[in-house]
Amino acid sequence: MMQAVAGFRHGVHPREHKTATNGIAVERMPFVDTYTIPLSQHIGAPSLCLVQPGQLVVRGQMIAAPNGFISTAQHAPVTGEVTAVERRPHPTGDMVETVVIETDPYDDQHIRAVPPNTTDLVQAVQNAGIVGLGGAAFPSHVKLTLPEGKHAEFVIINGCECEPYLTCDHRLMLEQAEDVVDGLRLIMNQLGAEQGYIGIEENKGDAVDMMIDLTLYMEDIHIVPLKVKYPQGAEKMLIDAVLKREVPVGKLPIDIEVVSYNVGSTAAMAQLVKNGIPLVERIVTVTGPAVGKPRNLIVPVGTPIREVLDYCDTDYGSMQQLVLGGPMMGQAQKDLDAPVIKGTSGLLALDECTVARCAELPCIRCGRCLEACPMFLNPSRLAQMVRAGWVEELTGAHQTNCFECGACSYVCPSHIPLVQLMRLGKAMIREEQKKRPA
Amino acid sequence: MNRNPPQLHISTSPFVTEGSTTGNLMRQVIYALIPVLIAALWFFGITALLVVGAACLGAMGTEWLLRDKQTPNTLPDGSALLTGLLLGLTLPPAIPLWMAALGGFIAIALGKVIWGGLGSNLFNPALLGRAFLQAAFPEAMTTWVAPGKSFFSLYPTTLAPPLFKADVTVDSFSSATPLGMIKFDEQLTALDHLLIGNIGGSLGETSAGLLVICGLVLAFRKVFDWRAPLATLLSVVACSFLLSWIFGTPEPGFMLLSGGLLFGAVFMVTDPVTTPITPKGQWIFGLGLGFLIVVIRIYGGLPECVMFTILFMNALTPLINRHTQPRPFGG
Amino acid sequence: MENLAYIFFSALLINNFTLSYFLGLCPFFGVSGRLDTALRMGAANIFVMTITSICAWALNTWVLPHAPYLRLICFIFVIAGTVQLTEMLIKKLSPVLFKALGIFLPLITTNCAILGLAIFQTNRDYGFLEGLVFALGAGGGLTLALVIMAGIRRENELASVPDLVKGTAMNFFIAGILSLAFMGFAGLFATT
Amino acid sequence: MSDEAPKPIGQEFIKGLWRENPVFIAVLGLCPALAVTNSLINGLAMGLCTCFVLIGSSLLISALRKLIPKPVRISMFILVIAGFVTIVDLALKALFPATHKDLGAFIALIVVNCLILGRQEAFSSKNRILPSLADASGMALGFTLALAMIGGLREILGSGSLLGINLFGDRFEPWVIMIMPPGGFFTLGGLLFLFAWIEKRRKPQVPETPQPPQSMAV
Amino acid sequence: MAATVTTAILIMTGIGLIFGVVLAVAWRFLRVEEDPRLDQLEEMLPGTNCGACGTPGCRAFAQALLNGEAVPASCTVSSPAEIKRIAERLGVDAGSVERRVARLHCGGGKGLAVDAAQYLGLSSCRAAALVNGGGRACNWGCLGLADCEEACTFDAISMNRLNLPEVDPDRCTACNDCVEICPKDLFTLEPVGQPLVVACNSPLTGPDARSGCAVACDACGRCVSDAPEGVLAMKDGLPVVLDPERTTADAIWRCPTGAIQWLSPQTRSQPEKEPAEVS
Amino acid sequence: MKRQITQSQLVLSVTITALVAGFCLSGVYTLTAPRIAANQAEATRKAIFRVLPDTTDYETVEEGIYRGLNASGESTGLALAASGSGYGGPMEILFGYNPETRRVVGLEILSSLETPGLGDKIETDPAFTASFKDLLVDPIIECKAERRADNQVDSISGATISSKAVVRIINERLAELNDTGNVNE
Ligand SMILES: Cc1cc2nc3c(=O)[nH]c(=O)nc-3n(C[C@H](O)[C@H](O)[C@H](O)COP(=O)(O)O)c2cc1C
Ligand SMILES: Cc1cc2nc3c(=O)[nH]c(=O)nc-3n(C[C@H](O)[C@H](O)[C@H](O)COP(=O)(O)O)c2cc1C
Ligand SMILES: Cc1cc2nc3c(=O)[nH]c(=O)nc-3n(C[C@H](O)[C@H](O)[C@H](O)COP(=O)(O)O)c2cc1C
Ligand SMILES: Cc1cc2nc3c(=O)[nH]c(=O)nc-3n(C[C@H](O)[C@H](O)[C@H](O)CO)c2cc1C
Ligand code: SF4
Ligand code: SF4
Ligand code: SF4
Ligand code: SF4
Ligand code: FES
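Computed from a predicted structure; not experimentally measured. (Residues numbered from 1 in each chain as written. Chains lettered and ligands numbered in written order. Predicted model: local features only at pLDDT ≥ 70, side-chain atom pairs only at ≥ 80, totals over all residues. Heavy atoms only, no water.)

## Some words on the site of ligand 2
All names here are of chain B.
- In the vicinity of ligand 2, the contacting residues are A219, F220, K222 and W226.
- Separating an oxygen atom of ligand 2 from a side-chain N or O atom of W226 is a distance of 3.0 Å.
- Its free accessible area being 620 Å², ligand 2 has 41% of it covered by the protein chains.
- Of the residues assigned to the shell around ligand 2, the class counts are three nonpolar, no polar and one charged. (Near = heavy atom within 4 Å. Polar contact = N/O pair within 3.5 Å; in protein donor to acceptor, adjacent residues only side chain to side chain. Areas by Shrake-Rupley, 256 points an atom, 1.4 Å probe, with all protein chains shown as cover. Nonpolar A, V, L, I, M, F, W, Y, C, P; charged D, E, K, R; others polar.)

Right, dumping it as structure tokens:
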């Protein structure tokens, strides 16, 4: 059992800020009056709306169907009445087609569901609207389907939660440990994988212990404690740490026989198979200096952010920035009427001290970004190229490899908005490629 | 409809930073230079302060005068002060003050501003200023004095009027540097003198021991990357060991402790702006630098060659960077 | 007679043709914008210089003793002619090589550095081997300067150089600084 | 190509002095402009030699332009230029041996001065004698002027003298770098910077207007 | 003397002959046949390589001209006189193309469009658009960080006092750069003589649209009914000009927000103060 | 305007131009040659007279070796041309040598590329040139910071390399002369 702790090269060590919430048991947020469920909460085509204004819906009822393979379903998070299907604010800042549901105040909001027929798990997962809960919201059923000629040897469950502040996965591993292991077993069976791993950062020692206890007699499931380092949770870093395999540039994990899932997604699949419950709610860490009562909440998908913040006694006077997700990769919000969606792992309300950014200074080529970048890029140079518009060079330097982890910006003493420049660069490359064939 | 708190901000992730700033880095190097400055005061008296002051004044004045009027004042980031300090500490003690100030001007104007300011220059500004002075006033720049003069007395050349010489012949008080002595007179200086620093040389470079300590402190505080200086020193030791073994040239120990090598390795080779950014590049930079230093010291005309060599390696830096880009993960 | 190593390093570093003799400045500023052109230009230069050195040696040995005043005309004529001939030969024999170097050949035949090489070689009474080494050193020095300059200029494009110095003035300043940096090599191998 | 519309002779002459100055604006003939200009006298001497060669060959080539077959024109130009340069070289050696020693190999290198060949190709071979003369003398004078300027500056700072006359007394500390190679580059760079600055001061903040295209239906 | 002259003549004849032969051979083998007009044409073209003519650059355009695939007037940068010269050189008609200019479809400048949050970061529209779509409440409007101004190589765009880009129709060459660079796709190229401009890009309708911006089009449809039949239509919450030839100022009179504008014929960039006078 | 140009015409025109140029140049050369030769002779003469005191005439022993003669036709010593590399590049010198006393009696730097203000003190520093007025060459000349013996030269501070280069060139030239054996005849 005793072995050197696995990890990856490069990366950073941000302060964790997890103690505010990691000791508090998850609680359920009371239902609110209105829910707005965007038809696009995942990577891929938006779902097809199945309901009209005025229609009554039941909690857990499918209200939008998958539109193609890389798409998924949406479900009513509450029992109530559809009042509108129209453009509403979305956490991306866009306005997208959204189903608006008024809660029926007299309903007990129990989910009446039957476990699906597990002969077609892929279909069941898609219809249950389960997506990656680690942030990217990639439809989970897609990864349950092996592409032609591929083989999945290993399944890795991602319990790293390397982002500071967030503790939802940590609590989930403690409170739904069996679901995680069952889910892993489910996935391994579906894919025919031989080995299962659960990678957990060492700072969640209780979760590691609990998982080890649970899997003590399972030969093919291994619990891997990992170095506490950001971004340990990034899929490629996790695979590198657990299996010492690098996902080749431009390839997917399945190309090196690996499939990985977030602990939340895994537990959601277990819940689906055991109880038939679709993805209508998730655990969200609500924390940050401006939050009066930080905690982990079970929040129905579609709950307006403002309601969640209100429930946690947020001090709007001192809140300067609201981040969906963790502080390293999350998205700042401009509209508090946008809802919590499936990919929302945390609500982070930052105050003045955290937001007051230093002015940007010229890059002094100190190389810190280069030594932080887990993808072994040279962010400072890439950033200069983006500014100069050298799209060709960007492509040559594998700029698209950047997954915007933010390690580079985090260490930059000159406060260069490196991540933003990386995004801009990727946008430029996309545009260029669009233009090319024309 | 907009019920957001009025001060809500949006920006790109990450929303937290490590907390170090560029100004902070510069300040740490400046603090590390204070003991060096005190040592210079000890050995060369009040002139050390005057010379360094003049260089700083020249550098900071130029930075202020030539600033882009639209952008905020760049003096507070401390890089101009640092350039001035480093320049001052590499000058010979008896240099006229006006030359020191002129060096500061050249360092910033030619070494930094025309390139686009902090971070854009490809040559070490302080060394460029010094190289200019060396080429412009070779006599004043190669007039060394031995330490150990009364604290408040000035050298006769120090207060020469701008653009003019002092009316003394320098021969009357000049001495030689350990490197000059060994190259031209086959005289070896004892290592303990080199370590302590009671020898002839530029203001800041005489006390090898102090420089090593400063370097270690800065390295452990992660102000700079340890690779390039380490590579430089290793390379000097290796090359001079080889040559001394075969041809009986000076020993590695002497090579390491004499001249501007340590000062250069600790403060100039570490300049993030003008040295390679990639770890592999830093190794190449250091190894190449050390090799050139040994070769030029032994076979060249300029025993005090660290400055020119660093500038030459600076010139190669874009090429080194280009060919040592890291291998992307999975690539 | 000076030793060959000194001749080589002197031409390569110490008395670099471009940076301390100011020879071939027009192409130096002209083609140092990009690294690959700089490299190929340098290679073409080494090539032409080698030919030049041989031509100059031949002329100095067999023709010019009879009429020293025709030196200039003969040099320029014979060099241009020979280079043109070689150019045609390469074109026939190796289109790849021609593509890489060919376009530069006519550009540099009538270039100061080439004629300068011939003249210096004559003034210093170099023999065949010395001349060849001198040509290699000088060509290598030119290539070195070109490549370094190209690297710097490419990097400099990413920086916000003030408008007043942008362009030609900046290139001169860079060349000046390079020239200064090369002064460190002075005296190398001279005292042995 | 059709002959250019004839411009006044005066204008052909004037343009070389400033507006199309070969060194400062066109950046041609740099090698001699930097190599020998470590003093005013050397700059002037070099400039005058170039004047002679440029004017002489321009005249000759303009006169012979109808006779020169196009495919071999460059070789013919070079021949003519080389001839004139040899004459200058020999004459200088005979009459001013000291100057000849200072200018060294660079007299010979006038042959390959891009400026001279460039003027033949661009102007003399296409124009009648008088305009060619005007153009050549303008360019040559502009070249000389530039060389004198560079040489003067370098001599003042680098030796503290002008035309060998000591300007600041014995105790002046000369800036040796100015008469060494880097000084040449710095001086020319500095002059270009100065001109850009003057230019900017002269017409403040008026962005250059491109020819506004008219809307059209031809 | 005589000996000197003889040597000189001998040497020169020898070298001259050799060199002459070399050249002659070169002349024979190295001649490349290329239409000499290509170079001449390229020289006559402005050399801005802007691409407004629809080719990748001036030389490609010259080639297209030679091949008869383009008419000289397609070059929108050259002056008419220059175009005439080119046409004469080629012996073809200059041709005619209707000149187009870039038009902005947003009126939500400073003080009119509501800011939902304050944007911190790179001062670039394209970068800001990647951060929650920018700080504006209206997700379709101009971000005012002037990427278009910087992109326009012809200095045709300047930010006006509302911090909106204003196109100088005399300088605009319809090069398409601003159209491509704007992350909100706010520019289109329109015939210069067509003054009816829809200055809004928001698909929202009714109060939703107006809550984000004082001059938003709320899709009330008055312009469509006031314009001549078939000139305007409402699509995705915005009026679109279907028939540029027949536009009249009638369409703008009853617009409650001023989201549809009739440009003054003098400046062709600013809306008329009093539209009634035009008709 | 387009005439057909034949290849022979091309060859011919180049050849004719070359011919004419050659002709003209030979003319100019003939005109200037005597002056140039006289200039050079004069320069050599002056240099020889400077490095050998009391000399009024000289004869050439071989290329680079001249014997000075005084008014009464007696030998005043040898003037030897020598070259080698200094700090900045090649330098050429001429020095006077008296084989009988085995002393260098005068030094003239004909050309050098030493740094102005530093290395060129080998020409301009009177103290330095003065030390070559009476300098014993046995066993060899040495260059020291402090002159202590008859065969030592006081090196110029800051230009040690140039000073040493001069001394080295002289030493080498003398050694060469000894080898060929025609010094003391
Ligand atoms: C920088 C970065 C950090 C990440 N951190 C985590 C993490 O801490 N936990 C996690 O489950 N997924 C994390 N992810 C997402 C994983 O890369 C991967 O998408 C996920 O584990 C796949 O599982 P899912 O599809 O079930 O979400 C991170 C991704 C990136 C790019
Ligand atoms: C002078 C000096 C030399 C060092 N040499 C090494 C070395 O050779 N190898 C090494 O791994 N760390 C070396 N270090 C330590 C590094 O600075 C650093 O602490 C270490 O590489 C941290 O690596 P990690 O946090 O990325 O794992 C050196 C530090 C100093 C100050
Ligand atoms: C720009 C410059 C020019 C130099 N020129 C000469 C020179 O002409 N001759 C020379 O001997 N040394 C020259 N030097 C070399 C240094 O002065 C060298 O340190 C000196 O020769 C050491 O001699 P010293 O021990 O007498 O000070 C030059 C150095 C520099 C930086
Ligand atoms: C570790 C370190 C070393 C530095 N060394 C130098 C130096 O040698 N010379 C100098 O001018 N500036 C130095 N600086 C300051 C700064 O990098 C310099 O002013 C920039 O080169 C100007 O763009 C240094 C800064 C740091 C942090
Ligand atoms: S470049 Fe991309 S992958 Fe690398 S550290 Fe920055 S954000 Fe992360
Ligand atoms: S960390 Fe920042 S300052 Fe350092 S090299 Fe990277 S971008 Fe430049
Ligand atoms: S029109 Fe587009 S590019 Fe121009 S300022 Fe507005 S958002 Fe930016
Ligand atoms: S960028 Fe836009 S405004 Fe400028 S010329 Fe091109 S089309 Fe016209
Ligand atoms: S003058 Fe143009 S290359 Fe020398």
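From this point, the narrative continues.
## Overview of the interface of chain A and chain B
- At the interface, 64 residues of chain A touch 42 residues of chain B.
- For the pair chain A and chain B, the summed buried area comes to about 4,600 Å², and 55% of that belongs to carbon and sulfur atoms.
- For E246 of chain A, the salt bridge goes to R327 of chain B, with nearest N and O atoms at 3.4 Å.
- Across the chain A-chain B interface, the total number found is 24 residue pairs in polar contact (both at pLDDT 80 or more).
- Every element with two or more residues in the side of chain A that touches chain B is listed here: α6 (235-243), β15 (319-324), β16 (331-332), α9 (352-355), α10 (368-372), α11 (379-388), α13 (407-411) and α14 (418-435) of chain A.
- The element that contributes the greatest number of residues to the side of chain A that touches chain B is β15 of chain A, accounting for five residues.
- Partitioned by chemical class, the residues of the side of chain A that touches chain B number 31 nonpolar, 19 polar and 14 charged. (Contact = heavy atoms within 4.5 Å. Buried area = accessible area lost by both parts, 1.4 Å probe. Salt bridge = Lys/Arg side-chain N within 4 Å of Asp/Glu carboxyl O. Helix = DSSP H or I, 4+ residues; strand = E, 2+ residues; numbered from the N terminus.)

## A closer look at the arrangement of the chains
- By number of contacts, the leading pair among the 13 pairs of chains in contact is chains A and B.
- The smallest C-alpha distance separating chain A from chain D is 23 Å, and no contact links them.
- Taking C-alpha atoms only, the smallest gap left between chain A and chain F, which are not in contact, amounts to 36 Å.

## Quick look at unusual backbone geometry
- Backbone torsion omega between Y230 of chain A and P231 of chain A reads -10°, so that peptide bond is classified as cis.
- Structurally, the position occupied by P231 of chain A is in the loop between β11 (221-226) and α6.
- Put simply, S13 of chain B and P14 of chain B share a cis peptide bond, and its omega is -5°.
- Despite not being glycine, Y165 of chain A shows a phi value in the positive range, around 70°.
- Counting through the fold element by element, Y165 of chain A comes out in the loop between β9 (154-159) and α3 (168-175).
- At D313 of chain A, a position not held by glycine, the phi torsion is positive, near 55°.
- Within the secondary structure, D313 of chain A is located in the loop between α8 (305-311) and β15.

## What about the site of ligand 3?
- Taken together, the neighbourhood of ligand 3 is formed by 21 residues, with Q134 of chain B together with T115, G158, T160 and S162 of chain F sitting nearest.
- More than one chain reaches ligand 3: its neighbouring residues belong to chains B, C, D and F.
- At 3.0 Å, a backbone N or O of I161 of chain F approaches an oxygen atom of ligand 3.
- Residue S162 of chain F places a side-chain N or O atom 2.5 Å away from a nitrogen atom belonging to ligand 3.

## A closer look at the pattern of salt bridges
- In the structure shown here, the tally under the stated rule is 42 salt bridges over all chains.
- A salt bridge links E281 of chain A to R28 of chain A, with the shortest nitrogen-to-oxygen separation between them at 2.7 Å. Of the two residues, E281 of chain A is situated in strand β13 (residues 281-287) and R28 of chain A in strand β1 (residues 27-28); the sequence distance between them amounts to 253 residues.
- On the basis of relative accessibility, which here comes to 19%, the residue E281 of chain A falls in the buried class.
- Look at R28 of chain A and you get partly exposed, because its relative accessible area is 41%.
- We note a salt bridge from R126 of chain E to D147 of chain E, for which the minimum N-O separation is 3.4 Å. (Buried < 20%, exposed > 50% of the residue type's maximum accessible area, 1.4 Å probe, protein only.)

## Description of the sheet that holds strand β12 (residues 258-262) of chain A
All names here are of chain A.
- If you trace the four strands from one edge of the open sheet to the other, you get β11-β10-β9-β12, paired in parallel fashion. In this open sheet, the two strands that pair with only one neighbour each are β11 and β12. Averaged over all pairs of adjacent strands, the angle between their axes in this sheet comes to 25°, without regard to strand direction.
- Helix-sheet contacts for helix α5 (residues 205-214) involve β10 (195-201) and β11, and the interaxial angle to β10 is about 160°. (Pairing = 2+ DSSP bridges. Axes fitted to C-alpha atoms, helices over the stretch in contact; angles between N-to-C directions.)

## A short note on α11 of chain A
- Counting buried residues in α11 of chain A gives seven out of 10 residues, a clear majority hidden from the surface.
- For α11 of chain A, the set of buried residues is P379, S380, R381, L382, A383, M385 and V386 of chain A.
- Buried residues belonging to α11 of chain A abut α10, α12 (391-396), α13 and α14 of chain A together with α8 (128-157) of chain C.
- Where α11 of chain A ends, the next residue or the one after it, G389 of chain A, has phi of about 75°, a positive value.

## Some remarks on empty space enclosed by the protein
All names here are of chain B.
- Summed over all chains, the structure comprises 17 cavities of 30 Å³ or more.
- What the largest cavity holds in volume is close to 340 Å³.
- M26, L82, L86, D271 and P272 are the residues nearest the centre of the largest cavity, which is lined by 24 residues in total.
- Ranked by residue count, the leading element in the lining of the largest cavity is helix α3 (residues 79-89), at four residues.
- Grouping the constituent residues of the lining of the largest cavity by class yields 17 nonpolar, five polar and two charged.
- For the second largest cavity, the calculated volume is near 180 Å³.
- The wall of the second largest cavity is formed by 16 residues, among which R130, E205, G260, V306 and M307 lie closest to the centre.
- Going through the elements one at a time, α5 (125-136), α12 (261-268) and α14 (306-323) are the ones with two or more residues in the lining of the second largest cavity.
- Split by residue class, the lining of the second largest cavity holds nine nonpolar, four polar and three charged. (1 Å grid on protein atoms, 1.4 Å probe; cavity = no way out; pocket = protein on both sides within 12 Å on 5 of 7 lines; lining within 4 Å. Points joined across faces, edges and corners; volume = space filled by probe spheres on them.)

## Details of the packing of helix α4 (residues 73-95) of chain D against helix α6 (residues 114-122) of chain D
Residues and elements named next belong to chain D.
- Taken N-terminus to C-terminus, the directions of α4 and α6 make an angle of 130°; their axes are 10 Å apart at the nearest point. Taken together, the axes of α4 and α6 are oblique relative to one another. The hand of the α4/α6 crossing is right-handed. Residue-level contacts link R73, I74, F77, I78 and I81 of α4 to I116, L117, Q120 and E121 of α6.
- Each residue belonging to the contact of α4 with α6 can be placed in one class, and the counts come to six nonpolar, one polar and two charged. (Parallel < 35°, antiparallel > 145°, perpendicular 65-115°, else oblique. Left-handed = near helix turned anticlockwise from the far one by under 90°.)

## What about the nonpolar core?
- Membership of the largest hydrophobic core comes to 253 residues, with the highest contact counts inside it found for F267 of chain B, F17 of chain C together with V23 of chain D.
- Other than its neighbours up to four places away in sequence, V23 of chain D contacts L28, L30, A33, F143, A146, L147, I150 and L188 of chain D.
- Judged by nonpolar contacts, the second largest core, of 76 residues, contains M29, L322, V323 and C402 of chain A. (Core = buried A, V, L, I, M, F, W, Y, C linked by side-chain atoms within 4.5 Å.)

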